[in-house]
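# An overview of the molecular structure
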Amino acid sequence: MSLLEVSGLTVALPPGGDRPNAVEGIDLTLDAGEILCVVGESGSGKSMTANATMRLLAPGLAVRSGSIRFDGRDLLRLPEEEMRRLRGARLAMIFQEPMTALNPLMRVGDQIAEALRVHGAGNDAARRVPELLEAVNLPDPRAIARSHPFRLSGGQRQRVMIAMALALEPALLIADEPTTALDVTTQKQILTLIREIQQRRGTGVMFITHDFGVVAEIADRVAVMQRGRIVEQGPAAQVLNRPEHPYTRALIAAVPQGHAAARPARSVSTETILQLSGVRKTYHRAGGWFGKGVAVPAVADADLVLHRGETLGVVGESGSGKSTLARCVIRLVTPEQGEILFGGTDLRPLSRNAWMPYRRQIQMVFQDPFASLNPRRTVGEAIAEGPITHGVPRDTALAKARELLSLVQLPPEAMNRYPHEFSGGQRQRIGIARALAMEPQLLIADEPVSALDVSVQAQVLALLTDLRERLGLTMLFITHDLRVAAEICDRVAVMQRGRIVEQGPTEQVFRSPRHPYTKALLDSVPGRGWVPPVAHGIDLAKSE
Amino acid sequence: MDASRLPGFLLRRLLKSALVIVAIAICNFLLIHAAPGDPASVIAGQSGSADPQFMEQLRHQFGLDRPLHVQLGIYLRDVLTLDLGFSHRQQMPVATLILDRLPATLLLTGAAFLLAVSGGVALGALAARRAGTWADSAITALALTFYATPLFWVGLMLVLLFSVQLEWLPSFGMSDPGLDLHGPALWWDVAQHLVLPALTLGLFYLAVYARLTRATMLEVADQDFVKTARAKGVPEGRILRAHILRNALLPVITFAGIQAGQLIGGSILVETVFAWPGIGRLAFDALLARDYAVLLGVFFCTSVMVIVLNLATDLLYAVVDPRVEVTG
């Protein structure tokens, strides 16, 4: 008998959803000591399956049919109080957002102790809490136990969550995208930790993820979900290397491969468009009347050169200063030192007015396609707004906007619709069209594909590559994802704590990194040992 | 909060507060002297002889004939030595007058504050827990009513209902002057007198807290850490108390700090309506009589109270929310 047997699980969506059932006819089994990865894109129902197993579905979602047998008992038919006693004790769960998943007002030790106490093991708390924190490799467990969550980093909080989930040695651990919000080096540590603990204790793990790299890293078995159904299920090696279902193949084909060498080197002119030297930006936290402020260097002595037609990737983990660097170039923040030469002019000391002509020559595409478009303006207006502000006649600007929409492969009807009517990938296309409307010399893309699903991400990357060839665009491409950088960048600059620690041609940096940090980053890329099978004749757009 | 930083924080805040108090004292003084009329003209008017010589004499006696900046200097010196001056009208030191009336005001505002906070949070929590049911609708409607009704009108209606119609509660004063009561009997009498003014003063804020608590609790209930608590098997009652309510109280504390200051201002109206013998009444009478010394004394005293309350709120906030650092 398996540890967990889900059969025929169907969860209804509230009326008016895009489909009648969130998940439909789900069949899964999980044995003790096994890691089952449930993988799929956003909205595929993978989290819903996890929540249904814990019976933590949001109000309004009801299980319509099916059973979830755990240790031989159907969880869906247990009385609420009995289910509560299982939660935390026999079934445990960790979540995606370590920043918000802990009560901000409670010491982390107390939160772990609470898990013990509500299951009648509170007497051991004083001894067990430091032990648990030590088991998840946190330094100085006693001090950590006394800390409030805001004192800990994202990775430390996720370790606390794991310690809490494992407090009563549950038989089943459900991990819902536990590493998605973490930096790649932290992700690697957490994955190793989960694997290690799971092997030591024989825990069954249901691991929800959207990342095939992570799957390759950790899974024993894989279930692929699409629009509420499981389309393929099997041992990890089989699903990863010999995917059968077209959707699985398409997903795997969309995974950025991180092999710079696979792409032919592009010829790039030697004309310098942008040159940064010694750029420095320090953030100050204000003190009070009598207090002293704190200075945080966000970018320190950054030097880089960007040639016409070239794509330079700036890669680094969160807080490395890569976004601040981009913002310095476009003057969303003002650096206090250094030269920013754009076509020979130093932009840094320019006044607001003197900056105006450069505003249109440097354009930016932002990470969040949901937040970066004004919800009350039609897409046409949003795209035409910039040129109109800069004196282009309205009709001309709107006609240009229509052309741009077809350039980013959106129908002309999109002109009169509002941003909320579009999906994330479509919105990012609109964002690109908006930036291109100004006919910029330089395009700064700040994590343009990070908020997108992998198949959409592949499409947007393909679009950017195509536009770059056709329009001869020069791009500064900010990303935390090395696989994406390898896909699109000619050269990369690696940033760590505000400093550029290494830069060079992408292939060279990826193949023979010189700086230890670059090595650590490359080493942490999930699934680096896995070479995705080459997909033959699979058209992403069709299979979607 | 880092306890080792507390003494430094307190010292800095007290220093700042002292500066603020001096600034307030100067403003108060100038404002009062900017108003037309002075104590001499009022006394002369009441005694029926507006003889310029008599007024001159009074002004000289009160020190009002000296240049304004000299008067200000004297006033500031007195304030800094905690001498609030002498009321020529009442022939009593101002400090004595204020100390005499202060307990009544503190009792009234304190009772109103406790009523507003405890009642408001309890009702808000109940409404949030039963969101969408009739209990929620009833509480929301009640809160809106209190929220939208003017203070004095509520006071008058309460008097009409409970004193005039039902004759349950006394309508004015702090105790029954006809009875010579002591000990518990006196406390009971005062408590009865307290009900209506405290309700009048507290109902508006009770409504504010109820709405605030309900809204923040519903917001907090959706947050990830509540789901974490559920996933580790914490019973619903404890989730509500230890996880949701505690986080939802943070904005309530912020608001309570603001309210505490406003209550003292609001008490002037309520003390007048209910003839409550507090410093609000004292200030009102002093204003009519142009009794500068008393008026300035009351202003000074309430400013100090507001500053102390603000400091207390900041400290409380830092104790409740570990993310807040005591700086400044």
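The structure this text deals with has already been given above.
Summary of the structure given here. Since we're looking at a predicted model, the values are computed, not measured.

### A few points about the sheet that holds strand β17 (residues 442-446) of chain A
Residues and elements named next belong to chain A. Reading across the sheet, the six strands line up as β16-β17-β18-β13-β19-β20 and stay open at both edges, with mixed pairing between neighbours. Looking at strand neighbours, the two that pair on one side only are β16 (362-365) and β20 (499-505), the edges of this open sheet. Between one strand axis and the next, the sheet turns through 20° on average, direction left out of account. Contacts from helix α12 (residues 352-361) reach β16 and β17, with the element oriented near 50° to β16. Packing against the sheet, helix α19 (residues 516-524) makes contact with β19 (491-496) and β20, and its axis sits at approximately 100° to β19.

### Quick look at the interface of chain B and chain A
Each partner contributes residues to the interface: chain B has 25 residues there, and chain A has 31 residues. Taken together, the links from chain B to chain A amount to two salt bridges. Between R238(B) and E114(A) there is a salt bridge, with the nearest N and O atoms lying 2.6 Å from each other. Applying the counting rule to chain B against chain A returns 14 residue pairs in polar contact (both at pLDDT 80 or more). Of all the secondary-structure elements, those providing two or more residues to the side of chain B that touches chain A are α1 (6-34), α9 (224-231) and α10 (236-273) of chain B. Looking at the side of chain B that touches chain A, its residues break down into nine nonpolar, five polar and 11 charged.

### Section: the packing of aromatic side chains
This structure, assessed with the given rule, holds seven aromatic pairs over all chains. Ring geometry for W355(A) versus Y358(A): centroids 6.4 Å apart, planes at 75°, classification edge-to-face. Of this pair, W355(A) and Y358(A) both sit in helix α12, separated by three residues, roughly a single helical turn. Both residues of the pair, W355(A) and Y358(A), count as buried. Joined through ring pairs, the aromatic side chains of F342(A), W355(A) and Y358(A) make up one cluster. Positioned above the aromatic ring of Y147(B) is the side chain of R211(B), whose terminal nitrogen or guanidinium carbon lies 4.6 Å from the ring centre.

Procedures and definitions
Residues numbered from 1 in each chain as written. Chains lettered and ligands numbered in written order. Predicted model: local features only at pLDDT ≥ 70, side-chain atom pairs only at ≥ 80, totals over all residues. Heavy atoms only, no water. Pairing = 2+ DSSP bridges. Helix = DSSP H or I, 4+ residues; strand = E, 2+ residues; numbered from the N terminus. Axes fitted to C-alpha atoms, helices over the stretch in contact; angles between N-to-C directions. Contact = heavy atoms within 4.5 Å. Salt bridge = Lys/Arg side-chain N within 4 Å of Asp/Glu carboxyl O. Polar contact = N/O pair within 3.5 Å; in protein donor to acceptor, adjacent residues only side chain to side chain. Nonpolar A, V, L, I, M, F, W, Y, C, P; charged D, E, K, R; others polar. Phe/Tyr/Trp six-rings, centres within 6.5 Å; stacked < 30°, edge-to-face > 60°. Buried < 20%, exposed > 50% of the residue type's maximum accessible area, 1.4 Å probe, protein only. Lys NZ or Arg CZ within 6 Å of the ring centre and 35° of its normal.

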